[in-house]
2 protein chains.
Amino acid sequence: MSAEKSKRVTLADVAEASGMSKASVSLILNNRPGSRLSAAAVKRVREAAERLGYRPNVAAQSLRLGKTRTLGFISDQVTVTRFASAMITGILRAAADNDHTVLITETRGEPAELTKALDQLRQRDVDGLILGFMDSRLRDLPELPEDRPVVLVNSHDVQQHPSVMPDENAAGRQAVERLAQTGARTVALVGALRAAQSSPESYPGITRRFAALNQALDNSPLHLLGQWELEDWNPADGYVATTQLLAQGHRPDALICANDRVAMGAYQALAEHRLTPGADLSVISFDDEVIAGYLRPQLTTIALPYEQMGVRAVRSVLGQQEHSGEQLIDMPLIERQSVRD
Amino acid sequence: MSAEKSKRVTLADVAEASGMSKASVSLILNNRPGSRLSAAAVKRVREAAERLGYRPNVAAQSLRLGKTRTLGFISDQVTVTRFASAMITGILRAAADNDHTVLITETRGEPAELTKALDQLRQRDVDGLILGFMDSRLRDLPELPEDRPVVLVNSHDVQQHPSVMPDENAAGRQAVERLAQTGARTVALVGALRAAQSSPESYPGITRRFAALNQALDNSPLHLLGQWELEDWNPADGYVATTQLLAQGHRPDALICANDRVAMGAYQALAEHRLTPGADLSVISFDDEVIAGYLRPQLTTIALPYEQMGVRAVRSVLGQQEHSGEQLIDMPLIERQSVRD
DNA sequence: GTTTTGTGCTAAATCAATTTAGCAACGATC
DNA sequence: GATCGTTGCTAAATTGATTTAGCACAAAAC
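Enquirer: Please clarify how the overall build of chain A should be interpreted in this entry.
Expert: Helices and strands together make up the secondary structure of chain A, namely 13 helices and 14 strands. Taken against the 2.2 N^0.38 rule, which gives 20 Å for 341 residues, the C-alpha radius of gyration of chain A at 26 Å runs more than 25% over that of a compact globule. When its C-alpha atoms are laid out on the principal axes, chain A stretches across 90 × 40 × 40 Å. Put simply, chain A has 341 residues, and 52% of those count as buried. Looking at chain A alone, contacts between residues at least 24 apart form 70% of all its contacts between residues at least 6 apart.

Enquirer: Help me out: how do you make sense of the protein's contact with DNA strand C in this one?
Expert: Taken together, 27 residues lie near DNA strand C, and Ser24(A), Ser38(A), Leu11(B), Ser26(B) and Arg64(B) sit nearest. Here, DNA strand C places atoms within 4 Å of the protein, and 57% of those atoms are sugar or phosphate. The separation between a phosphate oxygen of DNA strand C and a polar main-chain atom of Ser21(A) is 3.0 Å. Within the side chain of Arg64(A), one N or O atom sits 3.1 Å away from a base oxygen of DNA strand C. For the surface near DNA strand C, the secondary structure elements donating two or more residues are helix 2 (22–29) and helix 4 (58–65) of chain A together with helix 2 (22–29) and helix 4 (58–65) of chain B. Its residues placed into classes, the surface near DNA strand C shows 12 nonpolar, nine polar and six charged.

Enquirer: So what exactly am I meant to see when it comes to the relation of the copies chain A and chain B here?
Expert: Note on the chain copies: they are related by a rotation about an axis and a translation along it. For the pair chain A and chain B, the superposition axis carries a translation of 0.0 Å, the fit reaches an RMSD of 0.2 Å, and the rotation angle comes to 179°. Each copy turns onto its partner about a two-fold axis.

Enquirer: Just to check I follow, could you spell out the packing of helix 1 (residues 11–18) of chain A against helix 3 (residues 39–52) of chain A for this structure?
Expert: Pairs of packed helices are described in terms of their axes, by the angle between the two and the distance that separates them. Residue and element names in this part refer to chain A. Helix 3 packs onto helix 1 with a crossing angle of 125° between their chain directions and a minimal axis gap of 9 Å. As far as their axial angle goes, helix 3 and helix 1 are oblique. When you trace helix 1 past helix 3, the crossing you get is right-handed. For the pair formed by helix 1 and helix 3, the contact residues are Asp13, Val14, Ala17 and Ser18 on the first element and Arg44, Val45, Ala48, Ala49 and Leu52 on the second. Taken together, the residues of the contact of helix 1 with helix 3 sort by class into six nonpolar, one polar and two charged.

Enquirer: What exactly am I supposed to notice about the domain arrangement of chain A here?
Expert: Where interface size is given, it is often the accessible area lost as the parts come together that is meant. Each domain of chain A was delimited in the assignment, giving domain 1 (11–56), domain 2 (68–165 + 307–329) and domain 3 (168–305). Placing the centre of domain 2 of chain A and that of domain 3 of chain A at their C-alpha centroids yields a distance of 30 Å.

Enquirer: What should I look at first to understand the protein's contact with DNA strand D in this one?
Expert: Taken together, 26 residues lie around DNA strand D, and Leu11(A), Ser26(A), Arg64(A), Ser24(B) and Ser38(B) are the ones closest in. A breakdown of the atoms of DNA strand D within 4 Å of the protein gives sugar and phosphate a share of 54%. Here a phosphate oxygen of DNA strand D sits 2.2 Å away from a polar atom, N or O, in the main chain of Leu11(A). Taking Arg64(B), its side chain carries an N or O atom lying 3.1 Å from a base oxygen of DNA strand D. Secondary-structure elements contributing two or more residues to the surface near DNA strand D are helix 2 and helix 4 of chain A together with helix 2 and helix 4 of chain B. A per-class count over the surface near DNA strand D returns 12 nonpolar, eight polar and six charged.

Enquirer: Whenever I open this one, the interface of chain A and chain B confuses me. Can you help?
Expert: Each partner contributes residues to the interface: chain A has 52 residues there, and chain B has 52 residues. Where chain A abuts chain B, roughly 4,300 Å² becomes buried across the two surfaces, and 55% of that area is made up of carbon and sulfur atoms. When the area that chain A buries against chain B is broken down by residue, the three leading residues are Gln123(A), Arg124(A) and Tyr294(A), summing to 17%. Ionic pairing is found between Arg8(A) and Asp125(B), a salt bridge with its closest N-O pair at 3.1 Å. Viewed at the interface, chain B and chain A are joined by 18 residue pairs in polar contact (both at pLDDT 80 or more). Those elements that provide at least two residues to the side of chain A that touches chain B are helix 4, helix 5 (84–97), strand 2 (101–106), helix 6 (111–123), helix 10 (235–247), helix 11 (260–272) and helix 12 (291–294) of chain A.

Enquirer: Sorry, what's going on with the sheet that holds strand 10 (residues 254–257) of chain B here?
Expert: Hydrogen bonding along the main chain pairs the strands of a sheet, whether they run parallel or antiparallel. Residue and element names in this part refer to chain B. Taken together, six strands build an open sheet; the order of strands is 9-8-10-11-12-14 and the sheet is mixed. Strand pairing shows two members of the sheet lacking a second neighbour, strand 9 (223–230) and strand 14 (333–334), which therefore form its edges. Its contacts with the sheet place helix 10 (residues 235–247) against strand 8 (186–193), strand 9 and strand 10, and it is angled at close to 140° to strand 9. Along the sheet, helix 11 (residues 260–272) contacts strand 8, strand 9, strand 10, strand 11 (282–287) and strand 12 (300–303); its crossing angle with strand 11, the most-contacted strand, is approximately 155°.

Enquirer: Honestly, the sheet that holds strand 8 (residues 186–193) of chain A in this entry has me stumped. Any pointers?
Expert: Residue and element names in this part refer to chain A. Here six strands make up an open sheet; going across it, the order is 9-8-10-11-12-14 and the pairing mixed. Lying at the two open borders of the sheet, with one neighbouring strand each, are strand 9 (223–230) and strand 14 (333–334). As paired elements, strand 8 and strand 10 (residues 254–257) share four bridges and run parallel to each other. The residue of strand 10 that forms the bridge with valine 187 is alanine 254. Across the sheet, helix 10 lies against strand 8, strand 9 and strand 10, angled at about 140° from strand 9, the strand it touches most.

Enquirer: Looking at this model, I keep getting lost on the pattern of salt bridges. Mind explaining?
Expert: A side chain with one charge can pair with a side chain of the opposite charge if their charged atoms come near. Applying the stated criterion to the full structure yields 28 salt bridges over all chains. Between Glu168(B) and Arg209(B) there is a salt bridge; the shortest N-O distance is 2.9 Å. Linking Glu168(B) in helix 7 (residues 168–181) with Arg209(B) in helix 9 (residues 204–218), this pair joins segments that are 41 residues apart in sequence. When its relative accessible area of 6% is taken as the criterion, Glu168(B) is described as buried. Overlapping salt bridges bring together Arg8(A), Asp125(B), Asp147(B) and Arg148(B) as one network.

Enquirer: What is the right way to read the packing of helix 1 of chain A against helix 2 of chain A from this model?
Expert: Residue and element names in this part refer to chain A. Closest axis-to-axis distance for the helix 1/helix 2 pair is 8 Å, and the angle between their directions is 105°. On the basis of the axis angle, helix 1 is roughly perpendicular to helix 2. Of helix 2, the residues touching helix 1 (which contributes Leu11, Ala12, Val14, Ala15 and Ser18) are Lys22, Val25 and Ser26. By residue class, the composition of the contact of helix 1 with helix 2 is five nonpolar, two polar and one charged.

Enquirer: I'm lost on helix 13 (residues 306–317) of chain B in this one. Help?
Expert: The α-helix advances 3.6 residues per turn, and as a result positions three or four apart in sequence lie on the same side. Residue and element names in this part refer to chain B. With 12 residues, helix 13 extends 17 Å from end C-alpha to end C-alpha; this agrees with the ideal 16 Å at 1.5 Å per step. Check the buried side of helix 13 and you find it contacts strand 1 (70–75), helix 5 (84–97), strand 3 (128–132), strand 5 (150–153), strand 7 (163–166) and strand 13 (326–329). One or two residues past the end of helix 13 sits glycine 319, with phi positive at roughly 75°.

Enquirer: Any chance you could explain the pairing of strand 13 of chain B here in plain terms?
Expert: Side chains on a regular strand alternate between the two faces of the sheet. All names here are of chain B. With burial as the criterion, only one face of strand 13 is covered, namely that bearing Gln327 and Ile329; the residues Glu326 and Leu328 on the opposite face remain uncovered. Pairing analysis gives four bridges linking strand 7 to strand 13, with the strands arranged parallel. Paired with methionine 165 across the bridge in strand 13 is leucine 328.

Enquirer: Looking at this structure, how should I read the environment of Gly205(B)?
Expert: Residues and elements named next belong to chain B. Take glycine 205: it is sitting in helix 9. Counting along the chain gives 195 residues from glycine 205 to threonine 10, while the straight-line C-alpha distance between them is 51 Å. When sequence neighbours within four positions are dropped, the list of residues in contact with glycine 205 reads Ser136 and Glu168.

Cut-off values and rules
- Here the residue numbering is sequential within each chain, running from 1 through the sequence in written order.
- Naming scheme: in the order in which they are written, chains are lettered from A and ligands are numbered from 1.
- For this predicted model, a pLDDT threshold of at least 70 governs which residues receive local features, and a threshold of 80 or more governs which side-chain atom pairs are given and counted, while totals over whole chains, interfaces and linings are taken from all residues.
- Water and hydrogen atoms play no part in the side-chain values, which are based on all heavy atoms of the structure.
- Runs of E in the DSSP output that reach at least two residues are strands. Runs of H or I that reach at least four are helices, and both are numbered from the N terminus.
- Here the globule rule reads 2.2 Å times residues to the power 0.38, and the radius of gyration is calculated from C-alpha atoms.
- The buried label applies to any residue whose accessible area, calculated with a 1.4 Å probe on protein chains only, is under 20% of its type's maximum; exposed applies above 50%, and partly exposed to all values in between.
- Whether two residues are in contact is decided by their heavy atoms: any pair within 4.5 Å suffices.
- Throughout this document, a residue counts as near a molecule or strand when at least one of its heavy atoms sits within 4 Å of that molecule or strand.
- Each polar contact in these results corresponds to two N or O atoms within 3.5 Å; when the atoms are within protein, one needs to be able to donate a hydrogen and the other to accept it, and residues that are neighboring in sequence are counted only if both atoms are side-chain atoms.
- Residue type decides the class: Asp, Glu, Lys and Arg count as charged, Ala, Val, Leu, Ile, Met, Phe, Trp, Tyr, Cys and Pro as nonpolar, and the leftover types, Gly among them, as polar.
- Least-squares superposition aligns the copies on the C-alpha atoms of those residues with pLDDT at or above 70 in both.
- The axes are straight lines fitted to the C-alpha atoms, using for helices just the contacting stretch, and the angles between their N-to-C directions are given from 0 to 180°.
- In what follows, roughly perpendicular refers to angles from 65 to 115 degrees, roughly parallel to angles under 35, roughly antiparallel to angles over 145, and oblique to any angle outside these ranges.
- Here a crossing is called left-handed whenever its near helix is offset anticlockwise from the far helix by less than a right angle, and right-handed whenever the offset is clockwise.
- Segmentation of the chain into domains, including their bounds, is taken from an automatic or database domain assignment.
- Once two parts are put together, the accessible area they lose, assessed with a 1.4 Å probe and summed over both, is termed the buried area.
- Here, a salt bridge means any side-chain nitrogen of Lys or Arg that lies within 4 Å of a carboxyl oxygen of Asp or Glu.
- Only strands joined by at least two bridges in the DSSP assignment are considered to pair.
- The span expected for a helix works out to 1.5 Å for each residue beyond the first.

Listed below in structure tokens is the structure:
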């Protein structure tokens, strides 16, 4: 209401207003068990606190308790990637639900920035640390704080900190099953990453995705026409690979694309051959970026559940959930229009 | 190095190690002018601090100084939009440059969440507040803290808080000039928003964009064939409008699209008429979303400078820059392939 | 009637910093 | 020789919460 020049309301103000001591007020407002204050006192204090609009000073609490009710989130990329923001949303939501706030830092993938960020968050005394990565890989991280929980999202590290990962295995199986349902017989894989082949251990996400896909295909009625490799996972690469595939005379019943950007390129190549996804053949993909909804026909894809991963990471560091090893998160199939009936 | 069970190093530890008092250590480490400590003492203290790896406890500093070196950022959307993350990047960078950290909150556009976020940040005693909006509009906000600086990004409010806005006027002029350069004579505008027409004051961003465009066209040799209105600014809408425009027999030298998603739809419609942007006609657009780079040919567009706006917002609340009225940020033309020579 | 137990509450210490007022020692001034 | 000024440094107060140890009084037990 009235703003006045009033300083913030402190515990002492509430104490004075209610005729109690600071100790009593603190005890009452925090519902300390075992402290036997009269019902009348409790009522007086509660009312005074309410009336004055008392809010505890977080800095003072942190100092006294050694806890800041703050989580640190270090991301390698916030801007560039289409996913970090989804992860942040999940983290913010879960943190807010647990009365925590989140300090966010960005490293642009530079190790020096990571060290700086760690130092900064350590100094701010965060209660837990979440390290988010936009591509899945085995990392060698600098020394992390040992006195508070740490969790990695979307990567592993050599020191084997707990991690939250998308369940690529199940996703691969699901993709193949979905295509098998449509009665498809032949399928082409666009495209494994050339760089990834050479060092599978450093790209576990990518490697897993293709290993899972291959294994699922082996156990299905589908016939794999081949895998078309790419330099990178961008539309231009998908376009090149798909054009090549079609030029070789292949006419698969279904295309499995490495991700949505690759699928976007594939769409362009298919259009040039007058082939329409969802009608002439099925296209299924991974990630569920925004463009998946923009493409026509809209792209059916298996989502990277970044928001859920963020939520899970928070719960993990707050000790509300298993906090060790690798925690797998389901990748949901987003059914749109690019898979035939 | 050795982690030990050691508690954190405090000022008192440094004092003891250097044989000085806490007061002296504080004075020295903060370079207080006017405090005349011997060079020898300064050296001893500095060395001890370095050796022990002393980092001040932020909570204690905040409590004592009443400043938290923390900024609050409240965004209506983090996930959904393609821009919030760019803004966050700018904010994080500028904040880090000024030794501040950022607390981020998301309201999902719900007023109740906004009130909650404000309360939370007030409680955390942020030194300044940035309110970011993903669509530009006139807002009626709840009571904001009056004792610390507040700035809005990409919106105005009825209470007239300082704001940071993209310079749509200059952008409109620039778009028209660029097309005039190519020798284009006729141009079509795809598309004004039907909803916006009815209440211009509530969509200043959109309104400005079109007002600026119209005015710039009036002062140019270009002939405006017409404006095609849309329900929304999505690819499907752009497709519909462009198809309609072409069906009416128009063959403009240039298309000005409301934003990149609309342009994406326009591309599809043009492709169906065998028209190629950058060759058969020019297409220019606004926003510079990621898809602008994915389209083929790549889309020339005038960027919404969200990162710069974030940077500016931080400088504004930190008092390093004018902190009043409306601060306009340049919208840079991102030259790609969709404008003819 | 004295001791014990329990009830209701509070004074004071604590967390880790910053800052003010001022002490002690020494040389300079009158 | 007393006074003053300067230099180099520190004790103690302060910030706003939490928590421990314990006080004063009343009822119960012996």
